[in-house]
Amino acid sequence: MSGEFVIRGARVLDPATGLDGELDVRVTGGRISEVGPGLSGVRELDAAGLHLFPGFVDVHAHWRTPGREDEETIESGSAAAAAGGFTSVVMMPNTEPVIDSPALVSGLLRRVERESRVRAYVAAALHEGLRGERLTEMQLLREAGAFAVSDDGLGTASAGVLRNGMLYARSAGLPVILHCEDHTLATGAVHDGAVAALAGVPGSPASAEDVATATALVLAAETGARVHITHVSTALSAALVGWFKDRNPNITGDTTPHHLTLTDELVGTLDGMYRVNPPLRPEEDRLLVGEALADGTLDFVATDHAPHAPEEKELPLQEASPGFLGHETAFAALYTELVLEGRLPLARLVQAMSCAPGRWIGEQGRIEPGAPADLVLVDLSEEWEVRPGELLSRSRNTPYLGRRLTGRITGTFVGGEMVHDRMGAKLGL
Ligand code: DOR
């Protein structure tokens, strides 16, 4: 990217560098070259009244490519990500076929280069075919460009297998992203609580997640692997992550916008839309997981963007596929439900969506000279309704459909290129 331009007059907020004020940001050759007051340039973008944050980073997404391009493609998934302010995304390997060989990793990365609007990283499978039996060739996967390993979508079959996987991942230098559910306990479709009982829907107990989280954390401590616990949804799992994190710097954890804003009350609708793994939890868990995010016990937010075709969601809860769209509503849902409700400072939300996952992924999530110009402009005053026709994802399965949210992404930049533009800025970058 060779152009130069100045984003003028936005309220720049970056907890990583301590920036917080009305400032101008100069972008040169795809990188931030200067930050300060009174900057001018040949090309200027008037951003007065808007906020400017480091681009959001989503460590957990399903772009369904290869195999289910009817649900999402790299083009549509990355357009949805850009519309949500995300500048980097990690793609999960539970595709068809599963991303478990070096050829599949390099093939996917070639497609990303051609088709993605945002930076996209490949999490390859921990086990061949996600079957929990044979480990993948992690060293070769890494050489092919894999960024992490994960069996996401499934919990791991046994502690012994998981321990070997962690040892191997450690020697290959890859982080392990873990979906913690014990499938001998997670036999239902929703959280096993009062709402499920009243609705007559089979539930999975919270212990299905907590037992698997505890196992993973114990093994992480023993093996020294770099382990990230994704989509933490219970108060106990959040507390377990906190206890182990205090003793092990290689552990991190995230939770999702939906677990922070929705509860298992929605099970009462019997609508397959609301099935997700791990399931929506009772209000008490939602509040305590939110506190864990606020105080840093949980490091960041990841969306678990999981597109599904209508025929997989327009079903009774027990039969529906689990998963929600996440990219396009993440910031607004969290801003509306947590920041405006006084439960999370805006600066912590930016840290949890940009700085912390950016650091986890590499040298990202910072606004400072020399850093890539991965940025998001947000209008915190805009109210909008989540309408199916306006989503850029190929799928429609958002649990926020019809909701009014506050805070909207007006522009997203990746390496200085405007990959999402609701301002009509037409910078031609
Ligand atoms: O609800 C979920 N859907 N949770 C997962 O972990 C996987 C995802 C999917 O791939 O649909």
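Residues numbered from 1 in each chain as written. Predicted model: local features only at pLDDT ≥ 70, side-chain atom pairs only at ≥ 80, totals over all residues. Heavy atoms only, no water.

Asks: Hey, could you run me through the site of the ligand in this one?
Replies: Surveying the vicinity of the ligand reveals 14 residues, the closest of which are Arg64, Asn94, His179, Asn277 and His308. Within the contact set of the ligand, an oxygen atom lies 3.4 Å away from a side-chain nitrogen or oxygen of His62. At a separation of 2.9 Å, an oxygen atom of the ligand approaches a polar backbone atom of Asn277. For the ligand, the protein covers 94% of the area, taking 290 Å² as the surface of the free molecule. Here the shell around the ligand is composed, by residue class, of three nonpolar, eight polar and three charged. (Near = heavy atom within 4 Å. Polar contact = N/O pair within 3.5 Å; in protein donor to acceptor, adjacent residues only side chain to side chain. Areas by Shrake-Rupley, 256 points an atom, 1.4 Å probe, with all protein chains shown as cover. Nonpolar A, V, L, I, M, F, W, Y, C, P; charged D, E, K, R; others polar.)

Asks: Would you mind showing me how to read the packing of aromatic side chains here?
Replies: Think of a pair of aromatic rings as described by two things: how far the centres are apart, and how the planes are tilted against each other in angle. Enumeration according to the criterion identifies ten aromatic pairs in this entry. Between Phe5 and Phe413, the aromatic rings sit 5.7 Å apart at their centres with planes inclined by 25°, giving stacked as the arrangement. With Phe5 in strand β1 (residues 4–14) and Phe413 in strand β17 (residues 404–414), this pair connects stretches of sequence that are 408 residues apart. Ring geometry for Trp243 and Phe244: centres 5.0 Å apart, planes at 70°, overall edge-to-face. (Phe/Tyr/Trp six-rings, centres within 6.5 Å; stacked < 30°, edge-to-face > 60°. Helix = DSSP H or I, 4+ residues; strand = E, 2+ residues; numbered from the N terminus.)

Asks: Any chance you could explain the packing of helix α1 (residues 74–83) against helix α2 (residues 102–115) here in plain terms?
Replies: Each pair of packed helices can be described by the angle between their axes along with the distance between the axes. In contact at an axis separation of 9 Å, α1 and α2 are set at 60° when each is read in the N-to-C sense. Of the possible angle classes, the one that applies to α1 and α2 is oblique. The way α1 lies across α2 gives a crossing that is right-handed. Within the contact between the two elements, α1 uses Ile74, Glu75 and Ser78 and α2 uses Leu108, Arg111, Val112 and Glu115. Of the residues that constitute the contact of α1 with α2, the class distribution is three nonpolar, one polar and three charged. (Axes fitted to C-alpha atoms, helices over the stretch in contact; angles between N-to-C directions. Parallel < 35°, antiparallel > 145°, perpendicular 65-115°, else oblique. Left-handed = near helix turned anticlockwise from the far one by under 90°. Contact = heavy atoms within 4.5 Å.)

Asks: Help me understand the UniProt feature "binding site: Zn(2+) 2" (unreviewed entry) in the protein in this model?
Replies: Here the UniProt feature "binding site: Zn(2+) 2" (unreviewed entry) sits at Asp152, His179 and His231. The greatest C-alpha distance among the annotated residues, which extend across 80 residues, is 10.2 Å, indicating that they converge on a single site. Summarising the element assignment, Asp152 is placed in the loop between β9 (148–150) and α4 (159–172). Ignoring sequence-local partners within four residues, the contact set of Asp152 consists of His60, His62, Met92, Asn94, Leu130, His179, Thr230, His231 and Asp304. Side chain to side chain, Asp152 and His62 meet in a polar contact 3.0 Å long. If you trace the backbone, His179 turns up in strand β10 (residues 176–179). Given the relative accessible area of 4%, His179 is considered buried. There is a polar contact of 3.2 Å between the side chain of His179 and the side chain of Asp152. (UniProt positions renumbered as here; feature names shortened; annotations may be inferred. Buried < 20%, exposed > 50% of the residue type's maximum accessible area, 1.4 Å probe, protein only.)

Asks: Looking at this structure, I do not really get the UniProt feature "domain: Dihydroorotase catalytic" (unreviewed entry) in the protein. What am I missing?
Replies: UniProt annotation of "domain: Dihydroorotase catalytic" (unreviewed entry) refers to residues 52–234 when read in the numbering used here. End C-alpha atoms of residues 52–234 are separated by 32 Å, and the span's content is 37% helix alongside 20% strand.

Asks: Looking at this structure, how should I read the pairing of strand β14 (residues 251–255)?
Replies: The two faces of a sheet get side chains in turn, since along a regular strand they alternate between them. In terms of residue burial, β14 counts as a mostly covered element, since five of its five residues are buried. Residues Ile251, Gly253 and Thr255 point to one face of β14 and Thr252 and Asp254 to the other, with burial holding for every one of them. Pairing of strand β13 (residues 227–230) with β14, which is carried by three bridges, proceeds in the parallel orientation. The partner of His228 across the bridge, within β14, is Thr252. Between the parallel elements β13 and β14, the chain passes through helix α7 (residues 235–245) in a crossover that is right-handed. Pairing of β14 with strand β15 (residues 300–301) involves two bridges; the strand directions are parallel. (Pairing = 2+ DSSP bridges. Right-handed = clockwise from strand over helix to strand, strands pointing away.)

Asks: Would you mind showing me how to read the environment of His62 here?
Replies: Along the chain, His62 turns up in the loop between β6 (56–61) and α1. His62 gets classed as buried once you look at its relative accessible area, which sits at 4%. In contact with His62, not counting residues within four places along its chain, are Glu72, Met92, Asn94, Asp152, Asp304, His305, Ala306 and Pro307. Polar contacts involving the side chain of His62 include one to the side chain of Asn94, which spans 2.7 Å.

Asks: How do you make sense of the sheet that holds β15 when you look at a structure like this?
Replies: Backbone hydrogen bonds are what pair the strands of a sheet, in a parallel or an antiparallel way. Across the sheet, which stays open at both edges, the eight strands sit in the order β6-β7-β8-β9-β10-β13-β14-β15 with parallel pairing between neighbours. With partners counted over all chains shown, the strands left at the sheet margins are β6 and β15, one partner each.

Asks: It is not clear to me how the pattern of salt bridges should be interpreted in this structure. Could you clarify?
Replies: A side chain of one charge can pair with a side chain of the opposite charge if their charged atoms are brought near each other. A complete count under the given rule lists 24 salt bridges for this structure. Among the salt bridges present, the one from Glu71 reaches Arg64, with a minimum N-O distance of 3.2 Å. By the burial criterion, Glu71 is buried, and Arg64 matches it. Across the pair Glu390 and Arg408 runs a salt bridge, and its minimum N-O distance is 3.7 Å. Of this pair, Glu390 sits in the loop between β16 (375–385) and β17 while Arg408 sits in strand β17, placing them 18 residues apart in sequence. You can call Arg408 buried: its relative accessible area is 15%. Salt bridges sharing common partners tie together Arg64, Arg68, Asp70, Glu71 and Glu312. (Salt bridge = Lys/Arg side-chain N within 4 Å of Asp/Glu carboxyl O.)

Asks: Would you take a moment to explain α2 for this structure?
Replies: For an α-helix the count is 3.6 residues per turn, leaving residues at separations of three or four pointing the same way. Across its 14 residues, α2 extends 20 Å between first and last C-alpha, which sits within 8% of the 20 Å expected from 1.5 Å per residue. Residues Val105, Leu108 and Val112 constitute the buried set of α2. The buried residues of α2 all sit within an arc of 70° when viewed along its axis, so they share a single face. Within α2, the exposed residues directed more than 90 degrees away from the buried face are Ala103, Arg110, Glu113 and Arg114. Contact partners of the buried residues in α2: α1, β7 (86–91), β8 (119–125) and α3 (138–143). (Expected span 1.5 Å × (residues − 1). Arc of directions from axis to C-beta.)

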